[in-house]
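Structural overview
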Amino acid sequence: MVSRVLFSSQLTFPAKPPRETPIAPLTPPRNVLSFSFRSSVDRFAMRIVKTASFTRTVAKVDGSRDEEAISRKKLAVFVSGGGSNFKKIHEGCIGGSVQGDLVLLVTNKKDCGGAEYARSNGIPVLVFPKPKRESSDGLSPTELVDVLREYGVDFVLLAGYLKLIPAELVKAFPKRILNIHPALLPAFGGKGLYGMRVHKAVLASGARYSGPTIHFVDEEYDTGRILAQSAVRVVANDTPEELAKRVLHEEHKLYVEVVAAICEERIKWREDGVPLIQSKDNPDDYY
Ligand SMILES: Nc1nc2c(c(=O)[nH]1)N[C@@H](CN(C=O)c1ccc(C(=O)N[C@@H](CCC(=O)O)C(=O)O)cc1)CN2
Ligand SMILES: NCC(=O)N[C@@H]1O[C@H](COP(=O)([O-])[O-])[C@@H](O)[C@H]1O
């Protein structure tokens, strides 16, 4: 339960709400849950009706097959900048490749590109943490956990979020917070390594390959269990910007693929603690 009412400065609804969508009054997020928002895809807001669950066929030990109901997942995304990964995940949710719904955008930069995209697509925006000069009425980490629970969030996805996720949130969502990093961890990660700084470090090292890493989040920067990676060739005369562009292109593909697997409950944990992704096409294959 949120310990105090969230004021409008902390929770903002779309600047231009999609047509015909009643804006829930600025009250605690519970009302938002009944807020069936639509994505204004073009002039005519189209009500996107999503079923609350979907079924998948599973092979049973005796060789027979069974239908298993999988619930649609509620996702919160944390950004600090343009939000291109966030937009790709949203497109996946709308387009049907991701069996999930984006219910909340969290950012420490209330006017960043990701926040603007969220507002124009009917996704509530929450500022955390607030800038130091305004931190007197900012949310505490436990209040942030309360808000995420109020929204029924199943998974938290970091996508260019540049602040340390507090231990309270890590503990409240075990194995349910993911981050994407623009290099092949465990190399080129940790405090101070974000954005273009990462690509500059990769080029300075002479590494011949880079690429995105998606990992589970723990209390430290970039030390959580690696879930997925893809390799990008580093070219001899690459600039940081050229390398960043190629890596970002791979990030967009990899994150949507991983979030789809998360929503379909295709993540399995090996006995040594390494998380694996179960192939969608062949359930006996993992990668
Ligand atoms: N508890 C965790 N929080 C976060 C993680 C994580 O793995 N565990 N990942 C980061 C994302 N990230 C790399 O993928 C990352 C982001 C930012 C920094 C960093 O050094 N930040 C600066 C502040 C930058 C700013 O405010 O502009 C700093 O802390 O001094 C390193 C890695 C997200 N959170
Ligand atoms: N260490 C964290 C870090 O550097 N994250 C990186 O920030 C960019 C955000 O882009 P986006 O806002 O367009 O998704 C992405 O390249 C992401 O890997």
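You'll find the protein entered in an unreviewed UniProt entry as Phosphoribosylglycinamide formyltransferase, chloroplastic, with Brassica cretica given as the organism. Under the heading Sequence similarities (unreviewed entry), UniProt records this for the protein: "Belongs to the GART family." Taken verbatim from the UniProt record of the protein, the Pathway (unreviewed entry) comment is "Purine metabolism; IMP biosynthesis via de novo pathway; N(2)-formyl-N(1)-(5-phospho-D-ribosyl)glycinamide from N(1)-(5-phospho-D-ribosyl)glycinamide (10-formyl THF route): step 1/1."

Once that is clear, we can look at helix α6 (residues 196–205). Those residues of α6 that sit buried are Val198, His199 and Val202. Axial view of α6: buried residues confined to an arc of 95°, hence all on one face. In the segment just after α6, Gly206 is the residue with positive phi, at about 80°.

With respect to the secondary-structure elements, His215 resides in strand β10 (residues 213–216). The residues touching His215, leaving out its near neighbours within four places in the chain, are Ile177, Leu178, Asn179, Leu185, Asp222, Gly224, Arg225, Ile226 and Leu227.

Take the site of ligand 1 next. Taken together, 21 residues lie near ligand 1, and Asn179, Gly192, Asp218, Tyr221 and Asp222 sit nearest. Asp218 places a polar main-chain atom, nitrogen or oxygen, 2.8 Å from a nitrogen atom of ligand 1. Tyr221 is positioned with one of its side-chain polar atoms (N or O) 2.7 Å from an oxygen atom of ligand 1. When residues of the shell around ligand 1 are assigned to their parent elements, the largest contribution, 3 residues, is made by strand β8 (residues 177–181). Partitioned by chemical class, the residues of the shell around ligand 1 number 10 nonpolar, 5 polar and 6 charged.

With that out of the way, let us pick up the confidence of the model for the protein. Residues with a pLDDT of 70 or more make up 81% of the protein, whose mean pLDDT is 86. This stretch, residues 1–9, has a pLDDT under 50; its non-local contacts, to residues over four places away or in other chains, come to 22 contacts. Low pLDDT, under 50, characterises residues 13–49; the stretch is placed with 59 contacts to residues that sit more than four places away or in other chains. Interface confidence for the predicted complex, given as ipTM, is 0.99, next to a pTM of 0.86.

If you check the shell around ligand 2, you find 13 residues, and the closest are Gly83, Ser84, Asn85, Gly195 and Glu251. Between ligand 2 and Gly83, the relevant distance is 2.8 Å, taken from an oxygen atom to a main-chain nitrogen or oxygen of the residue. Between Asn85 and ligand 2, the recorded distance is 3.0 Å, taken from a side-chain N or O atom to an oxygen atom. In the complex, 85% of the free accessible area of ligand 2, which totals 450 Å², lies under the protein chains. Those elements that provide at least two residues to the shell around ligand 2 are α2 (84–95), β8 and α7 (240–263). Residues belonging to the shell around ligand 2 are distributed by class as follows: 5 nonpolar, 7 polar and 1 charged.

So, how was this worked out
Counting restarts for each chain, with residues numbered from 1 along the sequence as it is written. Numbering of ligands from 1 and lettering of chains from A proceed in the order in which they are written. With the structure being a predicted model, the display of local features is reserved for residues of pLDDT at least 70 and the display and counting of side-chain atom pairs for 80 or more, all residues being used for whole-chain, interface and lining totals. No hydrogens and no water enter the side-chain calculation; it runs on all heavy atoms of the structure. UniProt positions are given in the numbering used here, feature names are shortened, and annotations may be inferred rather than shown by experiment. Exposure categories follow from relative accessible area, calculated using a 1.4 Å probe and restricted to protein chains: below 20% of the type maximum is buried, above 50% is exposed, and the middle band is partly exposed. Strands are runs of DSSP state E lasting at least two residues, helices are runs of H or I lasting at least four, and both sets are numbered from the N terminus onward. It is the directions from the helix axis to the C-beta atoms that the arc portrays. Two residues form a contact once any of their heavy atoms are found within 4.5 Å. What makes a residue near a molecule or strand is one non-hydrogen atom of that residue sitting within 4 Å of it. Under the rule applied, a polar contact is a pair of N or O atoms within 3.5 Å (in protein, one hydrogen donor and one hydrogen acceptor; residues adjacent in sequence only if both atoms are side-chain atoms). Amino acid classes used here: Ala, Val, Leu, Ile, Met, Phe, Trp, Tyr, Cys and Pro are nonpolar; Asp, Glu, Lys and Arg are charged; the rest, including Gly, are polar. The predictor rates its confidence in each residue with pLDDT, a number between 0 and 100. Per-residue accessibility takes into account occlusion by the displayed protein chains alone, with areas from the Shrake-Rupley method and a 1.4 Å probe.

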